[in-house]
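Listed below, chain by chain, are the residues.
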Amino acid sequence: MIEIRIHGRGGQGAVMASKILVSAAVLEGKHGSAIPDFTFERRGAPVKAFVKIDDQYIREKTQVYTPEFLIVLDPSIKTAVDYYEGIADNCTLVINYPKLPGDVPEKVKTIGYVDANKITIPLFGMPMVNTCMLGAFAKVTGLISLDSIKHGISEIMEGMKDEMLEKNIHAAEVGYKEAVIVEYKGRD
Amino acid sequence: MIKVVDGNQAAAFGAKLSKPDVIAAYPITPQTPLVEYVATMVARGELDAEMVEVESEHSALSVLHGAALAGARTFTATSSQGLSLMYEPYFRTSTLRLPVVMCIVTREMISPQSVWGGQQDAVTVRDAGWIQLYVENNQEVLDTVIQAYRLAEDKKVMLPVNVCLDGFYLSHMAEKVEIPEQDDVDRFLPPLKMDYIKLDPKEPISVDPLTPGGLLTHYRKKHMEGLENAKEVFEAVDRDFGEIFGRYYHGKIEPYRMDDAEIALVTMGSMSGTARVMVDKARERGVKVGFLKLKMFRPFPKEEFRELLEGIDVVGVIDRNVSFGFSSGTVFYELKSALMGHHEPLMASFIAGLGGMDITKGHVGTVIRFLEKIQQTKRVEKEVIWMDLEEEIWEKPLTR
């Protein structure tokens, strides 16, 4: 089973991103479950969402404590939340950051970074980075194809205006294109 | 059709496919999205029902009383404080024998303030005459809502049904669910026909008049018989459902790996999946452990428990609730009293998952080890264990 934890702030779409990942995995014939961390639902407050993906049906309805994949939608939450807590060895980090981040623990072996704010603010007028980061996730991890992510966006955002849907799909494509992958060998 | 939906959405699909005539609901966390989904279905014309926006939960259920008495199929949902506010019409729904189906998206009760999960709300109203079914995953949420109508409207039952889904761990958890075809649901669930009381302007009747105790006692006894009948009817409903949809849930209690078990775990709701995983793990270590998923909490399946636990050495019950006054988990003490005078295994009560706390694989694994110890020593040193308050006595953190 693959366990993914998504960190962001209320309003950035962490929970929606978790559902999109499950929808994408299901399209590829896998099973998945997405559970949000149920803290205070306020715009701007740190939020978490947990995703599990497996070839088998996922029976346990539990949170994720030892993620192998970490998606950070907003690195500025690190003053409030230790998003590296409990990460597995060989963790892959996909982070919204304009350059290779420093201060990354050695358990992280692969880093994918993309400046999702720069991509999404012109599109949405605010850093609604979730779909852009999922595009980056698809490229960095190779776990799920970009096409499946796009399908997931269409399924989970069903009912939204076509224009919004198109913008989100575009954001995922740009995130995929611009994500930079670095095999991380620890701090120099 | 396969869709990725959360538990609230699964419940809304179940309601929609059951074609209710009248829906009345008031939003409350964590049930709010359920109301939004249903309201959206009505607004889009996908569901041909009267959606009544009410000013409180008390009104929500009262609206459904009128609708059900007029022969309508009805649906509502609530949580926690909303259920508390419903208490007066809640009792009347069952004592009037109205086949209302209501989801309880279970949530902790205040105080202190909490909006998170826990089964305290639903278990607290256990003796108000409703049928209560607790479910494990989103497919079961959807399927059980449909089944609930067949059960509620059966002439031998005629009672309201709660489908209880864990707040957040199911209501906000998204997974793959098969949405049944409408034709199949129509085949399984015929339209509601009220034979006995029906409000009709052409034939006026008085409902719920002042009733002397002697007659009221008759009503209570018949109500209780209706609940008892529900046990058998539900088995048949579940089997029929399985034949049409290919999913059978083993009725009131599902036994898992119980064939040669010496230790049994009892769970209710979303923690049951985690129990399956950990029973499998313990089996790999050679531990003869199985588990029972309690689906029908009301009426309490006493006879079936006695049969399933015959010869079992140790039973552990994990409760996501407390019984104030009995000082244990609620399912624990009910099961213990049901077994009295029959085979009485050693029993321990484990309280976990209150106020939205996770019941992890670590919790369930720890419970199994604790039960193994009881089996070895043949004694229960401590009957009630608060899992998250006694972490220092466990071998490793409960989240691992």
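Given the structure is predicted, the values throughout are model-derived calculations rather than measurements.

Basis of the calculations
- Residues numbered from 1 in each chain as written.
- Chains lettered and ligands numbered in written order.
- Predicted model: local features only at pLDDT ≥ 70, side-chain atom pairs only at ≥ 80, totals over all residues.
- Heavy atoms only, no water.
- Helix = DSSP H or I, 4+ residues; strand = E, 2+ residues; numbered from the N terminus.
- Pairing = 2+ DSSP bridges.
- Axes fitted to C-alpha atoms, helices over the stretch in contact; angles between N-to-C directions.
- Contact = heavy atoms within 4.5 Å.
- Buried < 20%, exposed > 50% of the residue type's maximum accessible area, 1.4 Å probe, protein only.
- Right-handed = clockwise from strand over helix to strand, strands pointing away.
- Domains from an automatic or database assignment.
- Buried area = accessible area lost by both parts, 1.4 Å probe.
- Salt bridge = Lys/Arg side-chain N within 4 Å of Asp/Glu carboxyl O.
- Polar contact = N/O pair within 3.5 Å; in protein donor to acceptor, adjacent residues only side chain to side chain.

*Asks:* Just to check I follow, could you spell out unusual backbone geometry for this structure?
*Replies:* Most peptide bonds adopt trans geometry, and most residues besides glycine take a negative phi value. All names here are of chain B. That bond from T29 to P30 is cis: its omega, 0 degrees, falls within 30 degrees of zero. The step from R298 to P299 runs through a cis peptide bond, and the omega angle for that step is -5 degrees. Located in the positive-phi region is S80, a residue other than glycine, with phi close to 40 degrees. Within the secondary structure layout, S80 lies in helix α4 (residues 80–85).

*Asks:* I keep staring at the sheet that holds strand β15 (residues 384–386) of chain B and nothing clicks. Help me out?
*Replies:* Across a sheet, paired strands are connected by hydrogen bonds in the backbone, their directions being either parallel or antiparallel. All names here are of chain B. Taken together, six strands build an open sheet; the order of strands is β9-β11-β10-β13-β14-β15 and the sheet is mixed. In the strand order of this sheet, the two ends are held by β9 (253–256) and β15, each with one partner. Averaged over all adjacent pairs, the angle separating strand axes in this sheet is 20 degrees, with direction ignored. Pairing between strand β14 (residues 346–351) and β15: three bridges, direction parallel. Bridging across to β15, F350 finds its partner in I385. Its contacts with the sheet place helix α10 (residues 271–284) against β9, β10 (263–267), β11 (289–294) and β13 (314–319), and it is angled at close to 170 degrees to β11. Running over the sheet, helix α13 (residues 361–377) touches β10, β11, β13, β14 and β15 and is turned about 140 degrees from β10.

*Asks:* I tried to follow the pairing of β14(B) on my own but got confused; where do I start?
*Replies:* Where a strand is regular, its side chains alternate between the two sheet faces. Residue and element names in this part refer to chain B. Where burial is concerned, most of β14 is hidden: five out of the six residues are buried. Bridge count for β13 against β14 is six bridges, and the pairing is parallel. Bridge pairing in β14 places D319 opposite I351. As for the winding sense of the linkage, the β-α-β connection from β13 through helix α12 (residues 330–339) to β14 is right-handed.

*Asks:* It is not clear to me how the domain arrangement of chain B should be interpreted in this structure. Could you clarify?
*Replies:* A common way to express how large an interface is: the accessible area buried when the components associate. All names here are of chain B. Once the domains are mapped, chain B shows domain 1 (2–245) and domain 2 (253–393). Summarising the inter-unit geometry, the C-alpha centres of domain 1 and domain 2 are found 28 Å apart. Between domain 1 and domain 2, the contact holds 30 residues from the first and 32 residues from the second. In terms of surface lost to domain 2, no three residues of domain 1 exceed R126, E136 and Y169, which account for 29% of the buried area on that side.

*Asks:* What am I meant to see in the interface of chain B and chain A here?
*Replies:* Counting residues at the interface gives 31 residues for chain B, matched by 28 residues for chain A. Counting the surface lost from both chain B and chain A, the interface buries some 2400 Å², and carbon and sulfur atoms represent 56% of this. If you sort the residues of chain B by the area they bury against chain A, B:V4, B:W116 and B:K176 come out on top, with a joint share of 22%. Linking chain B with chain A are six salt bridges. The shortest N-O distance in the salt bridge between B:R44 and A:E158 comes to 3.9 Å. Summed over the shared surface of chain B and chain A, the result is twelve residue pairs in polar contact (both at pLDDT 80 or more).

*Asks:* Could you clarify how one ought to interpret the pattern of salt bridges in this entry?
*Replies:* In a structure, side chains of opposite charge can pair up when their charged atoms sit close to one another. All names here are of chain B. Counted by the stated rule, this structure contains 44 salt bridges over all chains. Here K382 makes a salt bridge to E390, at a shortest N to O gap of 2.7 Å. Judged by its relative accessible area of 11%, E390 is buried. By sharing partners, the salt bridges in this structure join E136, E140, E254, R276, K293 and K295 into a single network.

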